[in-house]
Amino acid sequence: MAHHIRHLPISHALVLAPLLVAATPLAELQWTDAAAFVRNSGLNSSVAKESPFARLPLAAKSGAWCTPACPVRSSVWGEGQNGAGLYVGFQSDADDLWLNATLLEKPQESQVCSSVCGSGLDLYAFDERSHAWRWVDTTKNSNGGGWKFDSTTILRSMFKNNARGGSHVGSGKLTRYRLHLPIYNGLTQMAIGVPAPAKVIADPADNLLQKAPVVWYGTSITNGHVASRPGMIFTNALSRMLGRDVINLGFGGNGMMEQAVGAVIAQVQHAAAVVIDCNWNMNASQITTNAPLLVKQLRAEWSPTKPIVLAEGTSAGSAWIVPSIRSSREANRAALLAAYTQLAKEDSALHYVQGDQLIGKSGVVDIPTAQGTHPDDLGHHMIAQFYSKFLPKIL
């Protein structure tokens, strides 16, 4: 499919700090709208969304696909407008690759999540020599701006092959790229800029090599908190490891095994499997009620052989010493295991993952989390490593 190439406004350049000497002058760049290259939502491109860079379709807001209507809660809808798990997949033969993007909101920092963590975009390229996706660059604001990242405008060079032939990337060779979108922010527009005669095209390998996607319904941990940058969150890392899309439906504080979200998941008829990973946001009573309802809802829409995974989620760092946290986590896990045990009597495609298999048992010294709950980069890597071995066995 041909994609429209257009010159986007570059008035921002008037207020930028001096550009890198080796960078292509902005006036010489040709820009390609990246909206058509967005992947990992799991929905057909004909399904209407408020933004091509959002996770949830408009039907999730209205609940129009249910009778009676089953809209997601407003907090879920709001989080569904961020880019967690989405990426822009494309190919280019350019030696100089630029990004022009506008964030929905000004980047914010929290105690454990930097502006790059929440609002950055993370570029990877496929290395033909190692046959692996490898990191290239992470956005800040603009060239010459140092590490300052506090504007909704991003206009910068993401890749510059200064070797001019000394690298296998660029220099006239088509290279595959993935630009992972922000986990706690959205986009209003994005374009990829290259100097003529270089080109930017859709990555056909995204369609030819990809297998059916895995849908992941979870909490802020699934959403990506608190990885240092978007490419490090476990669903993105797992997608690169498995060579298949991993659709991220993680909602911070709002992963509640709700049937309104189940209706969204059910639309992904071509899904290879779904992982339900909501324990951290629920109590034992809610799990006992909601888990069976959600599993039965999906089974009514899907094949009886399609894998559904009930996952306990990670361990709590302080459970070994704080009785209330330990008892809460143990009660949640017991409730989920009881629901699984009952459902599995009639559902041979239902699977279970214990939390201690992921990043360590409660009481293990230095479980890799921030504040005992959200995995850091190492924690996300460990989760991805576990599932990269577990999922192929059931798919």
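Please read these numbers as outputs of a predicted model, since none were measured by experiment.

Draft legend 1. Broad picture of the state of the cysteines. All told, the structure shown has two disulfides when counted by the stated rule. Paired through a disulfide, Cys66 and Cys70 show a sulfur-sulfur distance of 1.8 Å. The chirality of the disulfide connecting Cys66 with Cys70 is right-handed, given an S-S dihedral of about 45°. Taking relative accessible area as the criterion, Cys66 reaches 19% and is therefore assigned buried. Covalently, Cys113 is tied to Cys117 through a disulfide, its sulfur atoms 2.3 Å apart. The chirality of the disulfide connecting Cys113 with Cys117 is left-handed, given an S-S dihedral of about -95°. Residue Cys113 shares its accessibility class with Cys117, and that shared class is buried. Across the chain, the disulfide pattern expressed with sequentially numbered bonded cysteines is 1-2, 3-4.

Draft legend 2. Fine view of the packing of helix α6 (residues 234–242) against helix α10 (residues 377–394). Interhelical geometry of α6 versus α10 gives an angle of 45° and a closest axis separation of 9 Å. The angle between α6 and α10 places the two elements in the oblique class. Of the two possible hands of crossing, α6 and α10 adopt the one that is right-handed. Where α6 abuts α10, its residues Phe234, Ala237, Leu238, Met241 and Leu242 lie against His380, His381, Ile383, Ala384, Gln385, Tyr387, Ser388, Leu391 and Pro392.

Draft legend 3. Broad picture of the sheet that holds strand β14 (residues 273–277). A sheet is described by the order of its strands in space; here five strands give the open sequence β13-β12-β14-β15-β16, paired in parallel fashion. Only two strands of the sheet have a single neighbouring strand rather than two, namely β13 (244–250) and β16 (350–353). This sheet shows a mean twist of 20° between the axes of neighbouring strands, independent of strand direction. Alignment of β14 against strand β15 (residues 308–311), held across three bridges, turns out to be parallel. Residue pairing in the sheet places Ile276 in a bridge with Leu310 of β15. In this fold α6 packs onto β12 (211–218), β13 and β14, with an angle of close to 165° to the strand it touches most, β13.

Draft legend 4. Layout of the pairing of strand β6 (residues 122–127). Extensive coverage of β6 is indicated by the burial of six of its six residues. Of the two faces of β6, the one carrying Asp122, Tyr124 and Phe126 and the one carrying Leu123, Ala125 and Asp127 are both buried. Examined bridge by bridge, β6 and strand β9 (residues 175–180) share four bridges and lie antiparallel to one another. Along β9, the bridge assignment pairs Ala125 with Tyr177.

Draft legend 5. Layout of the nonpolar core. Leu56, Val72, Met257, Ile265, Ile276 and Leu298 are the most contacted members of the largest nonpolar core, which has 37 residues in total. If near-sequence neighbours (up to four positions away) are discounted, Ile265 is found in contact with Val215, Tyr217, Leu249, Val274, Leu298 and Trp302. The next biggest cluster of nonpolar side chains, apart from the first, holds 29 residues, and it includes Val38, Val88, Val116 and Leu123.

Draft legend 6. Spatial organisation of the side chain of Thr235. Structurally, Thr235 can be placed in helix α6. In this structure the side chain of Thr235 is engaged in a polar contact, spanning 3.0 Å, whose partner is the side chain of Asn248. Setting aside its immediate chain neighbours within four residues, Thr235 contacts Trp216, Thr222, Val246 and Asn248.

Draft legend 7. Just the side chain of Asp245, in detail. Structurally, Asp245 is set in strand β13. Of note is the side chain of Asp245, whose polar atom sits 3.2 Å from the side chain of Arg39. For Asp245, the side chain forms a polar contact with the side chain of Tyr87, separated by 3.3 Å.

Cut-offs used in this document
Per chain, the residues get numbers from 1 upward, laid out in the order the sequence is written. Given that the model is predicted, a residue must reach a pLDDT of at least 70 before its local features are reported, and side-chain atom pairs must reach 80 or more before they are shown or counted; all residues, however, enter totals for whole chains, interfaces and linings. The basis for every side-chain value is the complete set of heavy atoms in the structure, and neither hydrogens nor water enter the calculation. When two cysteine sulfur atoms are found within 2.5 Å, that pair is recorded as a disulfide. Exposure classes here rest on a 1.4 Å probe applied to the protein chains alone. A residue is buried below 20% of its type maximum, exposed above 50%, and partly exposed in between. Note on definitions: angles span 0 to 180 degrees between N-to-C directions of axes, and those axes are lines fitted to C-alpha atoms, for helices only across the stretch in contact. Secondary structure is summarised from DSSP: a helix means a run of H or I of at least four residues, a strand means a run of E of at least two, and numbering begins at the N terminus for each. An angle below 35 degrees is treated as roughly parallel, one above 145 as roughly antiparallel, one from 65 to 115 as roughly perpendicular, and anything else as oblique. The crossing is said to be left-handed when, going from far helix to near helix, the turn is anticlockwise and less than a right angle, and right-handed when the turn is clockwise. Any two residues having at least one pair of non-hydrogen atoms within 4.5 Å are treated as being in contact. At least two DSSP bridges between two strands are required for those strands to pair. Throughout, nonpolar core names a set of buried Ala, Val, Leu, Ile, Met, Phe, Trp, Tyr and Cys residues whose side chains join them through atoms within 4.5 Å. Under this definition, polar contacts are N or O atom pairs within 3.5 Å; protein pairs additionally need one hydrogen-donor-capable and one acceptor-capable atom, and for neighbouring residues in sequence, both atoms have to be side-chain atoms.

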